[in-house]
Amino acid sequence: MLKHELKDGKLVVYLEGRLDVSVANDVEEGLMDLIDNGGHRKVLLNMKDVEYMSSSGFRACISTLRKLNSKEGVLKISNIKPAVKRIFDVIELTSLFDIHETEEAALKSF
């Protein structure tokens, strides 16, 4: 189960550890469930505890973005560690996502 909470009507999901092939499908399914069954349209992924992301982790983020876009929702990401941010930059995904340094800044930007 994904750790999450509602803040000002926005769903904040706390991802942690290594987002690799062993957990990415569970994360993706959990996010889809929260969006489809929870009716959430404003989602923030807080990545302060994510140590590593593989292509599977990025795929989960991209499919979540697509799902929210199809429902006229919004996805934001906050608190990316420098090592993970470098991967976003290298694979040129930084511009695809709305990334904020802090959870507070991201919540204010909705």
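Thresholds, definitions, all that
Residue positions are given per chain, counted from 1 along the sequence in the order it is written. Confidence filtering applies because this is a predicted model: local features only for residues at pLDDT of at least 70, side-chain atom pairs given and counted only at 80 or more, and all residues used for totals across whole chains, interfaces and linings. Derived side-chain values reflect all non-hydrogen atoms in the structure, with water molecules and hydrogen atoms excluded from consideration. To obtain an axis, a line is fitted to C-alpha atoms, over the contacting stretch when the element is a helix, and the angle between two such axes runs from 0 to 180 degrees between their N-to-C directions. Under the DSSP-based scheme used, a helix requires at least four consecutive residues in state H or I and a strand at least two consecutive residues in state E, with every element numbered from the N terminus. An angle below 35 degrees is treated as roughly parallel, one above 145 as roughly antiparallel, one from 65 to 115 as roughly perpendicular, and anything else as oblique. Crossings are classed by handedness, with left-handed meaning an anticlockwise turn of the near helix from the far one by less than a right angle and right-handed meaning a clockwise turn. Pairs of residues are marked as contacts when any of their non-hydrogen atoms sit within 4.5 Å. The nonpolar class holds Ala, Val, Leu, Ile, Met, Phe, Trp, Tyr, Cys and Pro. Asp, Glu, Lys and Arg form the charged class, and all remaining residues, Gly among them, are polar. Salt bridge, as used here, is a side-chain nitrogen of Lys or Arg placed within 4 Å of a carboxyl oxygen of Asp or Glu. Burial status follows relative accessibility: with a 1.4 Å probe on protein chains alone, a residue under 20% of its type maximum counts as buried, one over 50% as exposed, and anything between as partly exposed. Two strands qualify as a pair provided that DSSP identifies no fewer than 2 bridges between them. Helix span, as expected, comes to 1.5 Å for every residue beyond the first. Each Phe, Tyr or Trp ring (for Trp, its six-membered ring) is paired with any other whose centre lies within 6.5 Å, and the angle between the two planes then decides the class: stacked below 30 degrees, edge-to-face above 60, tilted in between. Placement of a charge over a ring requires the Lys NZ or Arg CZ to be within 6 Å of the ring centre, with the centre-to-atom vector within 35 degrees of the ring normal.

An unreviewed UniProt entry annotates the chain as Anti-sigma factor antagonist of Leptospira ryugenii.

Colleague: Is there a simple way to think about the packing of helix 1 (residues 21–36) against helix 2 (residues 55–70) in this case?
Modeller: Two measures define how a pair of helices packs: the angle their axes make with one another and the distance between the axes. Two elements in contact, helix 1 and helix 2, have axes separated by 8 Å at closest approach and are oriented at 15 degrees. The angle between helix 1 and helix 2 falls in the class roughly parallel. Two packed elements cross with a definite hand, and for helix 1 against helix 2 that hand is right-handed. Facing Val21, Ala24, Asn25, Glu28, Leu31, Met32, Ile35 and Asp36 of helix 1, the residues of helix 2 in contact are Ser56, Gly57, Arg59, Ala60, Ser63, Thr64, Lys67 and Leu68. Classifying every residue of the contact of helix 1 with helix 2 gives seven nonpolar, five polar and four charged.

Colleague: Explain the pattern of salt bridges to me, please; I cannot follow it from the model alone.
Modeller: Pairs may arise between side chains of opposite charge once their charged atoms sit close together. Taken as a whole and assessed by the stated rule, the structure comprises ten salt bridges. Put simply, lysine 67 and aspartate 36 hold a salt bridge, and the shortest N to O gap is 3.2 Å. With lysine 67 in helix 2 and aspartate 36 in helix 1, this pair connects stretches of sequence that are 31 residues apart. For aspartate 36, the salt bridge identified is with lysine 71, shortest N-O distance 3.5 Å. One end of the pair, aspartate 36, is in helix 1; the other, lysine 71, is in the loop between helix 2 and strand 4 (74–78), and 35 residues separate them in sequence. The partly exposed category is assigned to aspartate 36, whose relative accessible area is 36%. Put simply, Glu5, Lys7 and Glu103 are held in one network by salt bridges that share partners.

Colleague: So what exactly am I meant to see when it comes to the sheet that holds strand 4 here?
Modeller: Strand pairing in a sheet relies on backbone hydrogen bonds, with the paired strands running either antiparallel or parallel. Spatial ordering of the open sheet is given by 1-2-3-4-5, a layout of five strands whose pairing is mixed. Because the sheet does not close on itself, it has two edges, and the strands there are strand 1 (3–7) and strand 5 (98–100). Across the sheet, the axes of successive neighbouring strands diverge by a mean angle of 25 degrees, strand direction being ignored. Sheet contacts for helix 1: strand 1, strand 2 (10–19) and strand 3 (42–53); angle to strand 2, the most-contacted strand, approximately 175 degrees.

Colleague: Sorry if this is basic, but what is going on with helix 2 here?
Modeller: Every α-helix winds through 3.6 residues per turn, so residues three or four apart in the chain are directed the same way. With 16 residues, helix 2 extends 22 Å between its outermost C-alpha atoms, agreeing within 8% with the 22 Å of an ideal straight helix rising 1.5 Å per residue. Within helix 2, burial applies to Ser56, Gly57, Phe58, Ala60, Cys61, Ser63, Thr64, Leu65 and Leu68. Contacts made by the buried residues of helix 2 are with strand 2, helix 1, strand 3, strand 4 and helix 3 (82–90).

Colleague: Whenever I open this one, the packing of aromatic side chains confuses me. Can you help?
Modeller: Pairs of aromatic rings are described using the distance from one ring centre to the other and the angle between the two planes. A full pass over the atoms with the stated rule returns two aromatic pairs. Judged by centre distance (4.7 Å) and plane angle (75 degrees), the rings of phenylalanine 58 and phenylalanine 88 are edge-to-face. With phenylalanine 58 in helix 2 and phenylalanine 88 in helix 3, the pair connects residues that are 30 residues apart, well separated along the chain. Comparing phenylalanine 58 with phenylalanine 88, the two get one shared label, buried. On the basis of an interplanar angle of 80 degrees and a centroid distance of 5.8 Å, the ring pair of phenylalanine 88 and phenylalanine 97 is categorised as edge-to-face. Assigned by exposure class, phenylalanine 88 and phenylalanine 97 land together as buried. Taken together, the ring pairs in this structure connect Phe58, Phe88 and Phe97 into an aromatic cluster. Here the guanidinium or amino end of lysine 3 rests over the ring plane of tyrosine 14, the centre of that ring lying 5.4 Å away.

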